[in-house]
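What follows is the residue order along each chain.
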Amino acid sequence: MEIRVVRDVLEESNLRAQENRALFDMHGIFAVNIMSSPGSGKTMLLQKTIPALTERGFSCAVIEGDITSTIDSERLQPLGIPVVQANTEPFGGDCHLGSHLVQAALKQLDLSSIDFLFIENIGNLVCPAEFYLGENRRVVVLSLPEGEDKPLKYPLMFRECNLCLLNKMDLAPYLEVDVELMKSNVHKTNGQIAILPISAKTGEGVGEWIAWLLHARGGQS
Ligand code: MG
Ligand code: ZN
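Description of the structure in this document. Just so we're clear, the structure is a prediction, and the values are computed from it rather than from any experiment.

Describing the packing of aromatic side chains
Moving on, step 1. With the rule as written, the count across this model stands at four aromatic pairs.
Moving on, step 2. Between Phe116 and Phe118, the ring centres sit 6.1 Å apart and the planes meet at 10°, which makes this aromatic pair stacked. One exposure class covers both Phe116 and Phe118, and it is buried.
Moving on, step 3. One aromatic cluster is present, formed by Phe30, Phe58, Phe116 and Phe118 through successive ring pairs.

The following block contains the structure:
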């Protein structure tokens, strides 16, 4: 009986995710699920990404995942794009976003006017990787101060993502981190994953990241 219950919950979760994906497809939305540990730079990445896409004529929206606060949504307010806060606390305080929560957030957006939807997941390198939300692509942000070993310690996250952004490259001269080892550890967990070194702070690599997004959206699926 126990196993049956778990399976039902997962089936329910995947069903909601498929419904989300159908909405994205119907409205021509390209949805990107951005995951990482806390403090790796997801929100700053969005602060740099969205103006670059807006400049090129694309409209963006964000679903901000958090357990309880609206701090990141407030940081995105000056961008003047739709941002929906998805807090898990009223639903039990999950440490990851669920497809049902994304579905509820989608109801608050005008889907017909969105080209790129960014879903900033809750800062957590573990379970967000387990839950499909309906997204077109999954991106993990790994920042240099986290250390070279993280892909080996949290392999599922790296296995489940299409792209790894190595963020905070501007700190490389000040850290005893071996960037090449970090990259090879990422590839050890997933031979297919693309890796882009960036600094959301200085703008290094952001152009390549935008190009990756545009190319991925062009190819879809
Ligand atoms: Mg954030
Ligand atoms: Zn979780």
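Don't stop here, the text continues.
Thoughts on the pattern of salt bridges
Moving on, step 1. Evaluated as defined, the whole model comprises ten salt bridges.
Moving on, step 2. Between Glu19 and Arg16 there is a salt bridge; the shortest N-O distance is 2.9 Å. Of this pair, Glu19 and Arg16 both sit in helix α1 (residues 2–27), separated by three residues, roughly a single helical turn.
Moving on, step 3. Look at Arg16 and you get buried, because its relative accessible area is 18%.
Moving on, step 4. Its salt-bridge partner being Lys153, residue Asp149 comes within 3.8 Å of it at the nearest N-O pair.
Moving on, step 5. Judged by relative accessible area, which is 31%, Asp149 ranks as partly exposed.

Structural notes on the packing of helix α2 (residues 42–55) against helix α8 (residues 206–219)
Moving on, step 1. At a closest axis distance of 10 Å, the pairing of α2 and α8 adopts a crossing angle of 65°. Both α2 and α8 take part in a crossing whose hand is right-handed. Judged by residue contacts, Leu45, Thr49, Ala52 and Leu53 of α2 engage Trp209, Ile210, Leu213 and Leu214 from α8.

Cut-off values and rules
- Residues numbered from 1 in each chain as written.
- Chains lettered and ligands numbered in written order.
- Predicted model: local features only at pLDDT ≥ 70, side-chain atom pairs only at ≥ 80, totals over all residues.
- Heavy atoms only, no water.
- Phe/Tyr/Trp six-rings, centres within 6.5 Å; stacked < 30°, edge-to-face > 60°.
- Buried < 20%, exposed > 50% of the residue type's maximum accessible area, 1.4 Å probe, protein only.
- Salt bridge = Lys/Arg side-chain N within 4 Å of Asp/Glu carboxyl O.
- Helix = DSSP H or I, 4+ residues; strand = E, 2+ residues; numbered from the N terminus.
- Axes fitted to C-alpha atoms, helices over the stretch in contact; angles between N-to-C directions.
- Left-handed = near helix turned anticlockwise from the far one by under 90°.
- Contact = heavy atoms within 4.5 Å.

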